[in-house]
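Close look at the chain arrangement
The primary structure of each chain is shown beneath.
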Amino acid sequence: YSNFIDDLRVYVRGGTGGMGYPNLGGEGGRGGDVWFVARERTTLKSIREKYPQKRFVAGTGANSSVKALKGEKGKDCEVHVPLGISVLDDDGKQIGELNAAGERFLAARGGLGGSLATNFLPCKGQRRTVHLDLKLIADVGLVGFPNAGKSSLLSKISHAKPEIANYAFTTIQPELGKIMYPDYKQISVADLPGLIEGAHANKGMGHKFLKHVERTKQLLLVVDISGFQLSIKTQFRTAFETILLLTKELELYKEELLTKPALLAINKMDLPCAKDNLDELMTQLENPQGFLHLLEEEMIPSNTLEFREVIPISTYTGEGIEELKTCLRKSIDEEAEQVNEDYRKKKLLLLQTSK
């Protein structure tokens, strides 16, 4: 996975409270808290480099004294984390998440100061080990088998410069790019490491890839019109079979992924016989049930993806690239409008019921 880090295990400890003052009934200050704060342009790699010990401890509360019977609270410890972080405990249970800049999560609470209730002895702060699990947030996630041309497509439609070569696993870490439109609208696109058959079972990049798909708003499947074969030891798959296998992998990992809006880009239309292959594929997509017998039963998905648009493209000649950008924009705008409409209806319903 190269230098990209999407999981970090850290130790957090809230500060110890301050001592109480028995003679005058003074109360020690509470220990400081450890907070995770979401901030843009922050990475898990930068956290690891800045804090190699991966330990975050808050300050101790001030002791009660004659001058200050109520001790001051200990200094909080704030850790800046990237957007799209899920906070997991050591058992893998999610205890919080941070998706927008400025969101905060209390990772470890400080201990109470010494008081009459504690015989004026301070309490220790909460301590635990947590996992910071990053899932990239993007408007569109590129989904496809290795060598389908996802990296080439990202470089064509955005300012990203991913590594591109003619071998199976070029992309070994997620790449983010932004499509810029004339009216200054931006759409973020994530090129994610190529799936292989069995990815849901954590083969290949497995879950490291699939977990990033969860946070993308829409899916863009990129398929080679001439089909796909990972190696001479694996079976050759046609474009139609490839679409079904990608759908199956998404379904087996998390069925909700198939409810996301999806578009289909048919790449490498500059190749010989591409037109004939496209005609055949469109016939199959119009009636997928009639062609499911082409695949082994265990590889057939329970539900087939409904594509909003099917766009033939060639990242080599540039054919269909502008149309694809237009379709992505249209799909994102329609989805945003639908979300706004649902929100308006919900607010209206709340107003009516409150009256």
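Note: the structure precedes this text.
Conventions we followed
- Each chain carries its own residue numbering, running from 1 in the written order of its sequence.
- Thresholds applied to this predicted model are a pLDDT of at least 70 for local features of residues and 80 or more for the giving and counting of side-chain atom pairs; totals over whole chains, interfaces and linings are not thresholded and use all residues.
- To get the side-chain values, take all heavy atoms of the structure and skip hydrogens and water.
- Strands are runs of DSSP state E lasting at least 2 residues, helices are runs of H or I lasting at least 4, and numbering of each runs from the N terminus.
- When a residue's accessible area, from a 1.4 Å probe over protein chains only, is under 20% of the maximum for its type it is buried; when over 50% it is exposed; and in between it is partly exposed.
- The contact rule is simple, with two residues in contact once any of their heavy atoms fall within 4.5 Å.
- Note on areas: Shrake-Rupley with a 1.4 Å probe; residue coverage comes only from the protein chains shown.
- We treat two strands as partners when DSSP finds at least two bridges between them.
- Note on handedness: a clockwise path from strand one over the helix to strand two, with the strands aimed away from the viewer, defines a right-handed crossover.
- By this rule, a helix spans an expected 1.5 Å times one less than how many residues it contains.
- Each reported salt bridge corresponds to a side-chain nitrogen of Lys or Arg within 4 Å of a carboxyl oxygen of Asp or Glu.

A look at the overall build of the protein chain
Secondary structure summary: the protein chain contains 6 helices and 14 strands in total. A burial count over the protein chain gives 48% of its 355 residues as buried. Contacts in the protein chain between residues far apart in sequence, at least 24 positions, make up 72% of those at least 6 positions apart. For the protein chain, the exposed area adds up to about 18600 Å²; of that, 51% sits on carbon and sulfur atoms.

Let's talk about the pairing of strand β14 (residues 307-312)
In terms of strand pairing, strand β13 (residues 262-267) meets β14 through 4 bridges, oriented parallel. Pairing of A265 across the sheet is with I311, part of β14. With helix α5 (residues 274-286) bridging β13 and the parallel β14, this β-α-β connection has right-handed handedness.

Let's talk about helix α6 (residues 321-354)
Given a rise of 1.5 Å per residue, 34 residues ought to cover 50 Å, and the 50 Å separating the end C-alpha atoms of α6 matches this to within 8%. Regarding α6, the residues found buried are I321, L324, K325, C327, L328, R329, S331 and I332.

Concerning the pattern of salt bridges
The final tally for this structure, using the stated rule, is 25 salt bridges. Here E78 and R104 are joined by a salt bridge, their closest N and O atoms 2.8 Å apart. Of this pair, E78 sits in strand β4 (residues 77-81) while R104 sits in strand β7 (residues 104-108), placing them 26 residues apart in sequence. Under the relative-accessibility criterion, R104 is labelled partly exposed at 41%. One salt-bridge network, held together by shared partners, links R30, D33, K73 and D76.

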